[in-house]
Amino acid sequence: EILEIEPDVVEKTTTEEDVKKQNLNHIILYNTNYHSYELVVMSLVMYCNKTVEQAVELAVEVDTTGKASVMEGTVKELTPSYEALKEKTLVVAIE
């Protein structure tokens, strides 16, 4: 005899952390085919608190898909990094 066991249904409750995540914005970095990987990686490490490995992965994502979310936070938190990336002539937006 085979017993069928129903998985427990777990109701997801919305936590304060979930609400914060829903209200976060992102810095989106767009591909321009103009900047070197070196500049993009260096900028992400310096201004977006990424490791070299994370920055390389994001640079590859931008190169292959055309864009990537490189940082998340409130607009106030993102603005200094956004401005620094723009100064490096990278094409970015806060969404």
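Before reading on, note that the structure itself is shown above.
Rules behind the numbers
Residues numbered from 1 in each chain as written. Predicted model: local features only at pLDDT ≥ 70, side-chain atom pairs only at ≥ 80, totals over all residues. Heavy atoms only, no water. Pairing = 2+ DSSP bridges. Helix = DSSP H or I, 4+ residues; strand = E, 2+ residues; numbered from the N terminus. Axes fitted to C-alpha atoms, helices over the stretch in contact; angles between N-to-C directions. Contact = heavy atoms within 4.5 Å.

1. Quick notes on the sheet that holds strand β3 (residues 91-94)
Across a sheet, strands are paired by hydrogen bonds formed along the backbone, either parallel or antiparallel in direction. Spatial ordering of the open sheet is given by β2-β1-β3, a layout of three strands whose pairing is antiparallel. Pairing within the sheet leaves two strands with one partner each, and these edge strands are β2 (67-73) and β3. Between one strand axis and the next, the sheet turns by 25 degrees as a mean value, whatever way the strands run. Pairing geometry for strand β1 (residues 25-30) and β2, over six bridges, is antiparallel. Paired with Leu-29 across the strands is Ala-68, a residue of β2. Strand contacts of helix α3 (residues 52-65): β1 and β2, with the helix running at about 135 degrees to β2, the strand carrying the most contacts. On the sheet, helix α4 (residues 75-87) packs against β1, β2 and β3 and is oriented at approximately 170 degrees with respect to β3.

So yeah, pure geometry; function would need other evidence.
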